Amino acid sequence: MEKYVITGRRKLSGTIRMSGAKNAVLPMLASTVLAGEPCRIIDSPRLRDVQVMSDILSQLGSVVRRYETDDGRKALLVDTTSMAEYEVPEPLMREMRSSIFLMGPLLGRFGKVRLSYPGGCAIGPRPIDLHLRGLRSLGAVIREMHGYILAEARDLKGSEIHLDFPSVGATENIMMAAVLATGSTAIRNAAKEPEIIDMQNFLNGMGARIRGAGTDVIRIDGVKRLSGVDYHVIPDRIETGTFMIAAAMTGGEVCIENCIPEHVESVTAKLREVGAEIKEEKDRILVRGPSRPRAVDFKTLPYPGFPTDMQPQAMALMCVADGISVITETIFESRFNQAEELRRMGAGIKIEGRTAVVRGVETLFGATVEAYDLRGGASLTLAGLAAEGITTIEGVQHMDRGYDGLDRKLAALGACIERIREDR
Ligand code: EPZ
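Cut-offs and rules
Residues numbered from 1 in each chain as written. Predicted model: local features only at pLDDT ≥ 70, side-chain atom pairs only at ≥ 80, totals over all residues. Heavy atoms only, no water. Core = buried A, V, L, I, M, F, W, Y, C linked by side-chain atoms within 4.5 Å. Buried < 20%, exposed > 50% of the residue type's maximum accessible area, 1.4 Å probe, protein only. Contact = heavy atoms within 4.5 Å. Helix = DSSP H or I, 4+ residues; strand = E, 2+ residues; numbered from the N terminus. Near = heavy atom within 4 Å. Polar contact = N/O pair within 3.5 Å; in protein donor to acceptor, adjacent residues only side chain to side chain. Areas by Shrake-Rupley, 256 points an atom, 1.4 Å probe, with all protein chains shown as cover. 1 Å grid on protein atoms, 1.4 Å probe; cavity = no way out; pocket = protein on both sides within 12 Å on 5 of 7 lines; lining within 4 Å. Sits in = over half its atoms within 2 Å of the grid points. Nonpolar A, V, L, I, M, F, W, Y, C, P; charged D, E, K, R; others polar.

### Looking at the nonpolar core
With 74 residues, the main nonpolar core has Leu29, Leu102, Met103, Met175, Leu203 and Ile218 as its most contacted residues. Setting aside anything within four residues of it in sequence, one finds Met175 in contact with Ile187, Ile196, Met199, Gln200, Leu203, Ile210, Ile218 and Ile220. By size, the runner-up hydrophobic cluster in this structure holds 66 residues, among which are Ile6, Met18, Cys259 and Cys319.

Right, here's the structure in full:
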């Protein structure tokens, strides 16, 4: 197992470049199943989740190769032309619930797919009813057996679909199943996240005919086949927000490059309320942290509201704020796992259902804590940067799922953070 060892109270300063967006690359990797030719995904971050999705594609008969472009960008070459399998391997399905993204493209390509139920995870049961309802609406016959799902569709037909909730994954899965369907599909109450727009652009680059991503209604006109595409992924807005909060928490001054300020507007607005000075440029954001953050309230909402993937990081920030903050998590059932660990560092947090009341303290104190999920681990890392003394964070494999070199990037900004292997 590996852990972070952080010596806190160092002001971050300097410039850091963001990596490509995890939550854009994962569905794009799944949609290469629909391509009759190789695809290149440029600025693909080196993450555990990207590796798992690549391993699944390889096990289904594809060729996935990591490489660097001439201008030094990390990239993936994916060739699914020799793919023949439509059964997603159980162990890999269990390891990453985003494998559910393969359902739509495998149905679109093979008219058949077998996969186990994606595991729930630390932040909630993660149901897939909206995915299944959307695919059934396109004509898939889905049998939910004990522990696994078998779906078949001789030919998918376009349909009018209304999502009960603007689910990111369900929106993407339906998009991928609809691109090769006969006729037109409309997805109403669609998710509007930037990753959905990136997905539309990626699929249209392959020859799909999609419009409306980023709005409530996405329309897809089915086409006969899709070609390969070379595509640059958008920067990761959650990594961007995480580094913005790192600057705000340490009273530092950080320039974040390769980001899209519009994608983190809700985070910028909140950090300005907290007292940070933020300057937005075309693809850079400069953040100067306050000497002490003011307490403000947070409520997570679908995009463009404050992102649920930034809630644990916001909680860490409020732990050292001047005042009392109320944080409401409206998206996931149990996304406060980090609270118990933050309390071990001296935080004053009271949880009532989906609401956390945080009474800010002057100082957090270093402690040995454990990460239980990706963004909870990021939250503890940020708390360690601000805390007095040494913080040891176990469970770094969680951070590796969604951050490409979190410790390396923080150290480059002056943080005293080490990643050490613990042989237990
Ligand atoms: C995506 O997950 C992201 N993952 C999550 O990021 C992110 O937190 C989430 O969207 C919300 O923005 C990827 O893109 C790989 P949802 P997804 O479907 O698609 C309920 C991270 O940290 N729901 O929008 O699973 C669900 O239970 C990860 O990077 C149903 O009820 O999210 C949840 O309460 C964590 N039925 C809510 O909708 C369904 O069929 C939002 O889920 C599907 C979802």
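Next comes the rest of the account.
### Describing the environment of Ile196
With respect to the helices, strands and loops of the structure, Ile196 is situated in helix α7 (residues 194–205). Residues within four places of Ile196 in sequence aside, it is in contact with Val168, Thr171, Glu172, Met175, Ala191, Ala213 and Ile218.

### Some remarks on the site of the ligand
Taken together, 25 residues form the shell around the ligand, and within it Asp129, Leu130, Ser167, Asp309 and Ile331 come nearest. In the environment of the ligand, an oxygen atom lies 3.1 Å from a nitrogen or oxygen atom belonging to the side chain of Arg97. In this structure, an oxygen atom belonging to the ligand sits 2.9 Å away from a main-chain N or O atom of Val168. Surface burial for the ligand is 89%, taken as the share of its 830 Å² of free accessible area covered by protein chains. Of the pockets mapped on this structure, the ligand occupies the largest pocket. Contributions of two or more residues to the shell around the ligand are made by α1 (22–31), α5 (129–137), α6 (168–178) and α12 (374–386). When the residues that make up the shell around the ligand are grouped by side-chain class, the tally is 11 nonpolar, 6 polar and 8 charged.

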